[in-house]
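Residues per chain, in single letters:
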Amino acid sequence: MSKTYLYTCSKCDAQFPKWAGRCTACGGWGTIAKEEETAGDFSAAKNTRPAAAIKSFAQSANEKGAELKPTGLAFFDFVLGGGLVDGSITLAAGEPGIGKSTLLAQLALQLASQGEKILYVTGEESPAQISRRLSRLTGQIPQSLHFLDYLEAATIAATLEKERPYLTIVDSIQCLRLDELPGEAGSVNQVKASAATLAGSAKRSGLPVILVGQVTKDGDVAGPRVLEHLVDTVLFLEGDQTHRYRLLRALKHRFGTTDEIALLIMTGNGLEPVEDVSSELLRDRTGGVSGSSVTCLIEGRRSILLEIQALVSPAGYGTPVRRATGIDNARLGMLLAVLARRAGVNALDKDVYVNAAGGIDARDPSVDLAICASIAGALNNTPLDPQTAVFGEVGLGGELRPVSLPELRLKEIARLGFNTAVVPKGQSKASPTGLRAMEASNLQEALKILKLG
Ligand code: TYD
Ligand code: MG
């Protein structure tokens, strides 16, 4: 058998056929090292393995799925489609400071207050810091809420199997290491091996484990990415830290759908769910001001109304400024070009700022028309009718393209009391009574209906 070598980056796990000083995937210097890979001519070898049994899909369709056990923290259970599964391993990922520890403290308190034994492995913060957070969230910390101030993964696994806590929380996986392995805590090898050790322990004991994973803004971190395939569920807590809103969603969920989201507000008492997301997001809307429009976004199975704001001002010297918050910058550039070339709304030489209000991530092409309407309104200094909402994707030719689930969007727009909607061609059919849905086949037509063109 001939020996070939594979070169792997210790930072991002990218693989290369040749050694290089710099990893082209993550940009790390001196992170690429040789790994042995045995390869040979398998086609010639005689196969001595016995055959495995095959089964019909029709039978497995009737098999009982994993049981989701409610935790009692309603929004958490909702996103997971019911609760946690015994023996499962979940990754709770998000940027530092977004509220992961707060969320898990709330979960631990909820279960402990029902008398369940909880184990919180402390790494990111000291036990005293976590106690202070717990005290802030509750009157009296329940006796059944325990901590382990020890960061060697095999020891944690052994403790888990001996103590059998109802739930184990590890905050965070980047702090763990295995004594047998070289490398520091937080390196790809250590993170993977530690997580695998705990996953094995969770499966053997039938007890659920939640790992906290830190993600940086550019997503370049040993952790969540390399763990995705190893865990059963990936929960993601996201939001703009300058705002109060947080979105909790499942990016991967072996036991249920990834369609449910929860909108949360960071309050003095931890994360609290927002019941009526659309009215909450539209609450601070400034009526009668130019450069504002309302659109409807689909997140999971939910429709969410959202204000898109634009500000246009004369550019100083040099290249005009384009700044988008919650919207893709490249998308904004494209829409400005389409507005100028296809609809005669020229803001190309102006500074343009566009913002999805509330710090919500609106990277969905269905918000295109709202972005264009807000920019056109800002440029002409014309406020949009506050009872009108819009949705539709804008193509390079200025055409208005249909979007998914128009019925759901129209229903939500009507529910919030809007009387007019401007939508792509063919998408007005399911309009509820009381809402006049007007179709436009291109951007120019849409702006004309909105009295902006
Ligand atoms: P944290 O949960 O520590 O974030 P992460 O673990 O993701 O790094 O906390 C995030 C922020 O939330 C922090 O700035 C403090 C704030 N916070 C509140 O506003 N209210 C609360 O009840 C708590 C516990 C924290
Ligand atoms: Mg934390």
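So, a few notes on the structure that sits alongside this text. (Residues numbered from 1 in each chain as written. Chains lettered and ligands numbered in written order. Predicted model: local features only at pLDDT ≥ 70, side-chain atom pairs only at ≥ 80, totals over all residues. Heavy atoms only, no water.)

**Description of the packing of aromatic side chains**
Applying the stated criterion across every chain yields a total of zero aromatic pairs. Above the face of the Y245 ring, R244 is positioned so that its terminal group lies 6.0 Å from the ring centre. Seen from the ring of F391, R409 lies directly overhead, with NZ or CZ sitting 5.7 Å from the centre. (Phe/Tyr/Trp six-rings, centres within 6.5 Å; stacked < 30°, edge-to-face > 60°. Lys NZ or Arg CZ within 6 Å of the ring centre and 35° of its normal.)

**Observations concerning the side chain of S278**
By secondary structure assignment, the location of S278 is in helix α8 (residues 277–282). Once residues lying within four places of it in the same chain are set aside, the contact partners of S278 are S303, I304, L305, E412, R415 and L416. (Helix = DSSP H or I, 4+ residues; strand = E, 2+ residues; numbered from the N terminus. Contact = heavy atoms within 4.5 Å.)

**A look at the environment of D240**
Relative to the elements of secondary structure, D240 occurs in the loop between β11 (233–238) and β12 (245–253). Taking the C-alpha atoms as reference points, D240 and V191, separated by 49 residues in sequence, lie 27 Å from one another. D240 has contacts with Y245, R246, T325 and G359, leaving out every residue within four places of it along the chain.

**Thoughts on helix α10 (residues 368–380)**
The terminal C-alpha atoms of α10 lie 18 Å apart, and with 13 residues this matches the ideal 18 Å at 1.5 Å per residue to within 8%. Within α10, 11 of the 13 residues are buried, which leaves the element mostly enclosed by the surrounding structure. Of the residues making up α10, those classed as buried are D368, L369, A370, I371, C372, A373, S374, I375, A376, G377 and A378. Of the residues one or two after α10, N381 is the one with positive phi, at around 55 degrees. (Expected span 1.5 Å × (residues − 1). Buried < 20%, exposed > 50% of the residue type's maximum accessible area, 1.4 Å probe, protein only.)

**Some details on the pattern of salt bridges**
For the structure shown, the criterion picks out 21 salt bridges. In this structure, the salt-bridge partner of R415 is E412, at a minimum N-O distance of 3.0 Å. Placement of the pair is R415 and E412 together in helix α11 (residues 406–415), with a separation of three residues, close to one helical turn. A residue is classified by how much of its surface remains accessible, and R415, at 47% relative accessible area, is partly exposed. On the basis of relative accessibility, which here comes to 10%, the residue E412 falls in the buried class. In this structure, a network of salt bridges that share partners links the residues R331, D368, E393, E399 and R401. (Salt bridge = Lys/Arg side-chain N within 4 Å of Asp/Glu carboxyl O.)

**Observations concerning the sheet that holds strand β17 (residues 322–325)**
The strand order β17-β18-β16-β15-β19-β22-β23 describes an open sheet built from seven strands, whose pairing is mixed. Looking at which strands have only one partner, the edges of the open sheet turn out to be β17 and β23 (436–440). Along the sheet, successive strands turn relative to each other by an average axial angle of 25 degrees, direction set aside. Across the sheet, helix α9 (residues 329–343) lies against β17 and β18 (350–356), angled at about 125 degrees from β17, the strand it touches most. (Pairing = 2+ DSSP bridges. Axes fitted to C-alpha atoms, helices over the stretch in contact; angles between N-to-C directions.)

**Let's talk about the site of ligand 1**
Surveying the vicinity of ligand 1 reveals 16 residues, the closest of which are G97, S101, T102, T267 and G270. G99 has a polar backbone atom sitting 2.9 Å from an oxygen atom of ligand 1. Contributions of two or more residues to the shell around ligand 1 are made by α3 (100–113), α4 (127–137) and β13 (261–267). For the shell around ligand 1, a count of residues per class yields four nonpolar, eight polar and four charged. (Near = heavy atom within 4 Å. Polar contact = N/O pair within 3.5 Å; in protein donor to acceptor, adjacent residues only side chain to side chain. Nonpolar A, V, L, I, M, F, W, Y, C, P; charged D, E, K, R; others polar.)

**Focus on the nonpolar core**
Formed by 49 residues in total, the largest nonpolar core has its most connected members in V354, I371, I375 and L443. Secondary-structure elements contributing two or more residues to this core are β12, β13, α8, β16 (302–314), α9, β18, α10 and α12 (443–449). Top element by residues in this core is α10. It accounts for eight residues. Two domains each put at least three residues into this core: domain 2 (65–275) and domain 3 (279–449). In this structure, I371 is in contact with I308, I327, L332, L335 and V354, ignoring residues within four places of it in sequence. Judged by nonpolar contacts, the second largest core, of 32 residues, contains L107, V212, L235 and L264. (Core = buried A, V, L, I, M, F, W, Y, C linked by side-chain atoms within 4.5 Å. Domains from an automatic or database assignment.)

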